[in-house]
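Okay, here's what each chain looks like letter by letter:
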2 protein chains.
Amino acid sequence: MPLVSAFAVADLLGLVAFGELLAFERMAGDARLAPDLRRRAALNEMAAAEIANYRRLADRLTALGVPPEDAMAPYVEPLQAYHDSTEPRDWAEVVTKAYVGDAITDDFVREIADALEEPDRALVLDVLHDSRYAEFAAAEIRVAVADDPRLAGRLSMWARRLVGEALSQAGRVAAEQATLTALIARDGRVDVPGLFGRLTAAHTARMAAAGLNN
Amino acid sequence: MPLVSAFAVADLLGLVAFGELLAFERMAGDARLAPDLRRRAALNEMAAAEIANYRRLADRLTALGVPPEDAMAPYVEPLQAYHDSTEPRDWAEVVTKAYVGDAITDDFVREIADALEEPDRALVLDVLHDSRYAEFAAAEIRVAVADDPRLAGRLSMWARRLVGEALSQAGRVAAEQATLTALIARDGRVDVPGLFGRLTAAHTARMAAAGLNN
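Residue numbers run consecutively from 1 along every chain, following the written order of its sequence. A letter from A marks each chain and a number from 1 marks each ligand, given out in the order of writing. With pLDDT at 70 or above as the cut-off, local features in this predicted model cover only qualifying residues; side-chain atom pairs require 80 or more to be listed or tallied, and sums for whole chains, interfaces and linings still use all residues. As a rule here, side-chain values cover all heavy atoms of the structure and leave hydrogens and water aside.

A. Spatial organisation of the overall build of chain A. Runs of E in the DSSP output that reach at least two residues are strands. Runs of H or I that reach at least four are helices, and both are numbered from the N terminus. For chain A, the helix and strand inventory stands at 10 helices and 0 strands. Starting at the N terminus, the α and β elements of chain A follow one another as α-α-α-α-α-α-α-α-α-α. Within these notes, the globule rule equals 2.2 Å times the number of residues to the 0.38 power, and the radius of gyration is based on C-alpha atoms. The globule rule puts the C-alpha radius of gyration for 214 residues at 17 Å, and the 17 Å found for chain A is close to it. Projected onto the principal axes, the alpha-carbon positions of chain A cover approximately 50 × 35 × 25 Å. Partly exposed residues are those whose accessible area sits between 20% and 50% of the maximum for their type, while under 20% is buried and over 50% is exposed, using a 1.4 Å probe and protein chains only. Burial status across chain A gives 53% buried among its 214 residues. Residues are treated as being in contact if the distance between any of their heavy atoms lies within 4.5 Å. Intrachain contacts of chain A at a sequence separation of at least 6 include 79% that bridge at least 24 residues. Of the accessible surface of chain A, which amounts to about 9,300 Å², a share of 57% is contributed by carbon and sulfur atoms. Each accessible area is a Shrake-Rupley estimate made with a 1.4 Å probe; only the visible protein chains count as cover when residues are assessed.

So this is what it looks like as structure tokens:
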């Protein structure tokens, strides 16, 4: 395993940290779309789990001598662009976004984390999303589709848009953050089609698990 | 101390629980107004502390045999009305709202908690806001006013509006929730002017501490 520069580590921790911060804000903002208080509270508790992870990443950045806000700054624009272009309009879209977006982000982070050394590798893998939340979101999607079968088509289209926007912003991040790109590189080159292929294959399997077509 | 009915306890726990849930959502939503990522993360971490408190209250309600969503339902409208009528427009208004709103809510809850028996009394007193956050908010207000002294007048007016809206919704809650009103009653009657007098006196002292006029 190649020695990874401290810059690259801070770049990745910054990306994951800002991802957590923004996912937290957006999920908390989407909670008002919940059909009842039980589900509203559940989404808020999912959101709160992200902020605890944010704190662990920010503490590690500080320990590495990098102010967390400096490490996060390059990602503000692409990550906000992703969320701005994928504002859910109702609860079914909220839970689909949580389900699809969290999982594909986790897969992406898992790919890069492989290149890290300990303790950062373990930290990054540890802040991936709790599978309880994916199960909650998938169950909500299945309930919504069972209630209104016509919803399946709309949610499948919505999920495709989420993946498209996510990959588009991921490509932008990879192009602009050279140190981060180096982390994804194998044998000196970044296999973008291979990476995107693995991400979309996993996505397709998850869609089926939630009862949606790809 | 009079024996408090289980209904009244659930009513108060429901009020505090929904207050935490909504404060969480609103603070997370306001974080985007922060002038930098450090402050944005700080507000989000303040927000996340509320959800941990929400969980403790919801667990206690469940233990008492009351679904948390049932206990919270009566407060959805008045608490949303408070927040809808007090949408901050910038960071100075965000921190002033956190400072003024949290403190007056805490004072109100402290008044009612006196009538509870253990373990509910200790639980409710324990979920009051961490003073670290009040200090953060007060410091932000002082910095903002030092940067732009004209801001003091606008923030003082904003704080008066926050208190006015909070007391108006508190009055509405007290009028509609008879079991809750019973908790505030001393010797069989609710001393509304006395209660509001104590709340506003504490508020005036806090305003001075943040460098604002009442």
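B. Inspection of the relation of the copies chain A and chain B at higher detail. For the least-squares superposition of copies, only C-alpha atoms count, and only for residues with pLDDT at least 70 in both. Laying chain A over chain B is done by rotating through 180° and shifting 0.0 Å along the axis; what remains is an RMSD of 0.0 Å. Interpreted geometrically, this transformation is the action of a two-fold axis. The fraction of interface residues of chain A whose copies in chain B are also interface residues reaches 100%, indicating that both copies meet through the same surface.

C. Broad picture of the confidence of the model for chain A. This prediction gives chain A a mean pLDDT of 86; 93% of its residues lie at or above 70. pLDDT expresses, on a scale from 0 to 100, how confident the predictor is about each individual residue. Taken element by element, the predicted model of chain A shows its lowest mean pLDDT in helix 9 (residues 178-184) of chain A (71) and its highest in helix 3 (residues 68-72) of chain A (94).

D. Examining the environment of Asn44(B) more closely. Along the chain, Asn44(B) falls in helix 2 (residues 37-63). Between the C-alpha atom of Asn44(B) and that of Phe24(B), which follows or precedes it by 20 residues, the distance is 8.5 Å.

E. Looking closely at the packing of helix 7 (residues 131-147) of chain B against helix 8 (residues 151-176) of chain B. Residues and elements named next belong to chain B. Closest axis-to-axis distance for the helix 7/helix 8 pair is 8 Å, and the angle between their directions is 140°. Here helix 8 runs oblique to helix 7, going by the angle between their axes. On helix 8, the residues touching Ile141, Ala144 and Val145 of helix 7 are Leu151, Ala152 and Leu155. Axis definition: a line fitted to C-alpha atoms, over the contacting stretch in the case of helices. Angles run 0 to 180 degrees between N-to-C directions. Put simply, angles under 35 degrees are roughly parallel, angles over 145 are roughly antiparallel, angles from 65 to 115 are roughly perpendicular, and the rest are oblique.

F. Quick look at the pattern of salt bridges. The term salt bridge refers to a side-chain nitrogen of Lys or Arg lying within 4 Å of a carboxyl oxygen of Asp or Glu. The tally for this structure, following the rule as stated, stands at 38 salt bridges over all chains. Where Glu25(B) meets Arg40(A), a salt bridge forms, and the shortest distance between an N and an O atom there is 2.7 Å. Of the two residues, Glu25(B) is situated in helix 1 (residues 6-30) and Arg40(A) in helix 2 (residues 37-63); the pairing between them involves two chains. According to the relative accessible area criterion, Glu25(B) is buried, its value standing at 7%. The exposure class assigned to Arg40(A) is buried, which follows from its relative accessible area of 7%.

G. Geometry of the interface of chain A and chain B. Taken together, the contact pairs 24 residues of chain A with 24 residues of chain B. Put simply, buried area is the surface a 1.4 Å probe can reach on two separate parts but cannot reach once they are joined, added for both. Roughly 1,900 Å² is buried in total at the junction of chain A and chain B, and carbon and sulfur atoms are behind 62% of that figure. Looking at the side of chain A facing chain B, the largest losses of area belong to Glu25(A), Leu37(A) and Arg40(A), adding up to 30% of the total buried there. Here chain A and chain B share 4 salt bridges between them. Polar contacts, as used here, are pairs of N or O atoms within 3.5 Å; protein pairs need one atom able to donate a hydrogen and one able to accept it. Residues neighboring in sequence count only if both atoms are side-chain atoms. Where chain A meets chain B, there are 8 residue pairs in polar contact (both at pLDDT 80 or more). When residues of the side of chain A that touches chain B are traced back to their parent elements, those giving at least two are helix 1 (6-30), helix 2, helix 3 and helix 4 (76-84) of chain A. A total of 11 residues in the side of chain A that touches chain B trace back to one element, the largest contributor, which is helix 2 of chain A. For the side of chain A that touches chain B, the per-class residue count stands at 15 nonpolar, 2 polar and 7 charged. For this classification, Asp, Glu, Lys and Arg are treated as charged, while Ala, Val, Leu, Ile, Met, Phe, Trp, Tyr, Cys and Pro are nonpolar and the rest, including Gly, are polar.

H. Local environment of the packing of aromatic side chains. Pairs were defined over the aromatic rings of Phe, Tyr and Trp, the Trp ring being its six-membered one, requiring ring centres within 6.5 Å. Orientation was assigned from the angle between planes: stacked under 30 degrees, edge-to-face over 60, tilted for the rest. Evaluation of the coordinates by the stated rule reveals 1 aromatic pair over all chains. With a centroid separation of 5.5 Å and 85° between ring planes, the pair formed by Phe24(A) and Phe24(B) is classed as edge-to-face. Within this pair, whereas Phe24(A) is found in helix 1, its partner Phe24(B) is found in helix 1, the two belonging to separate chains. The exposure class of Phe24(A) is buried, given its relative accessible area of 0%.

I. Fine view of the environment of Ala144(A). Residues and elements named next belong to chain A. Assignment of secondary structure puts Ala144 in helix 7 (residues 131-147). Owing to a relative accessible area of 18%, Ala144 belongs among the buried residues under this scheme. Along the chain, Ala144 and Asn53 lie 91 residues apart, while their C-alpha atoms are 30 Å from each other. Dropping the residues within four chain positions of it, Ala144 is found in contact with Ala92 and Leu151.

J. The environment of Thr96(B), seen in detail. All names here are of chain B. Position of Thr96 relative to the elements: it lies in helix 5 (residues 91-113). Put simply, Thr96 and Ala159 are 63 residues apart on the chain and 6.9 Å apart in space, counted from C-alpha to C-alpha. With near-sequence residues (within four places) excluded, Thr96 lies in contact with Gly101, Ile141, Leu155, Trp158, Ala159 and Leu162. A distance of 2.7 Å separates the side chain of Thr96 from the backbone oxygen of Ala92, its partner in a polar contact.

K. Expanded view of helix 7 of chain A. Residue and element names in this part refer to chain A. Compared with the 24 Å implied by 1.5 Å per residue over 17 residues, the 24 Å span of helix 7 between its first and last C-alpha is a close match. Within the sequence span of helix 7, burial applies to Tyr133, Phe136, Ala137, Ala138, Glu140, Ile141, Ala144 and Val145. Packed against the buried residues of helix 7 are helix 2, helix 5 (91-113) and helix 8 (151-176). Any helix carries an expected span of 1.5 Å times its number of residues minus one.

L. Main features of the packing of helix 2 of chain B against helix 7 of chain B. All names here are of chain B. Orientation of helix 2 relative to helix 7, taken along the N-to-C sense of each, is 145°, at an axis distance of 11 Å. The hand of the helix 2/helix 7 crossing is left-handed. Facing Arg38, Arg39, Ala42, Glu45, Met46 and Ala49 of helix 2, the residues of helix 7 in contact are Tyr133, Phe136, Glu140 and Val143. Here the contact of helix 2 with helix 7 is composed, by residue class, of 6 nonpolar, no polar and 4 charged. The crossing is said to be left-handed when, going from far helix to near helix, the turn is anticlockwise and less than a right angle, and right-handed when the turn is clockwise.

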